[in-house]
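Here is what each chain is made of, one letter per residue.
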Amino acid sequence: MVNNTYDAIVVGSGISGGWAAKELTEKGLKVLMLERGENVEHVKDYTNTHKNLWDYPHHGRKSRSTGVSTGDGSR
């Protein structure tokens, strides 16, 4: 078994973990990142990337249950 030494261990590669690992490695630290989630490939695995507004259930209108707009800018 190889004995590795790290300056920092980052758990999770989400927005905070990814940013922390980036910052630490840019400062010259040796970083180990642990991730248990599945591999997500940028763009390919974002299923809603190319969906049009009208393809969503509320078509850009406010939801009756939450009163929150679904992204068309109207209120």
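Residues numbered from 1 in each chain as written. Predicted model: local features only at pLDDT ≥ 70, side-chain atom pairs only at ≥ 80, totals over all residues. Heavy atoms only, no water.

> When you look at the overall build of the chain in this model, what are you seeing that I'm missing?
Within the chain, the secondary structure is distributed over one helix and two strands. Helices and strands in the chain line up, N terminus first, as β-α-β. Split into buried and exposed, the 75 residues of the chain put 8% on the buried side. Sequence separation of 24 or more characterises 12% of the internal contacts of the chain that already satisfy a separation of 6 or more. For the chain, the accessible area works out to roughly 6,700 Å², and carbon and sulfur atoms hold 53% of it. (Helix = DSSP H or I, 4+ residues; strand = E, 2+ residues; numbered from the N terminus. Buried < 20%, exposed > 50% of the residue type's maximum accessible area, 1.4 Å probe, protein only. Contact = heavy atoms within 4.5 Å. Areas by Shrake-Rupley, 256 points an atom, 1.4 Å probe, with all protein chains shown as cover.)

> Can you walk me through the environment of A20 in this structure?
The topology assignment puts A20 in helix 1 (residues 15-26). A relative accessible area of 29% places A20 in the partly exposed class. C-alpha of A20 to C-alpha of V10: the two residues are ten residues apart in sequence and 7.5 Å apart in space.

> Looking at this structure, I do not really get the packing of aromatic side chains. What am I missing?
For any pair of aromatic rings, geometry is given as the distance between the ring centres together with the angle between the planes. Scanning the entire structure with this criterion turns up zero aromatic pairs. The cationic tip of K22 hangs over the ring face of W19; the distance from NZ or CZ to the ring centre is 4.4 Å. The ring of Y6 is capped by K30, whose NZ or CZ atom sits 5.2 Å from the centre of that ring. (Phe/Tyr/Trp six-rings, centres within 6.5 Å; stacked < 30°, edge-to-face > 60°. Lys NZ or Arg CZ within 6 Å of the ring centre and 35° of its normal.)

> Please explain the environment of G12 as it appears in this structure.
Following the sequence through the fold, G12 ends up in the loop between strand 1 (8-11) and helix 1. Taking relative accessible area as the criterion, G12 reaches 21% and is therefore assigned partly exposed. Along the backbone, G12 and L34 are 22 residues apart, and their C-alpha atoms lie at a distance of 5.8 Å. Dropping the residues within four chain positions of it, G12 is found in contact with G17, G18, M33, L34 and E35.

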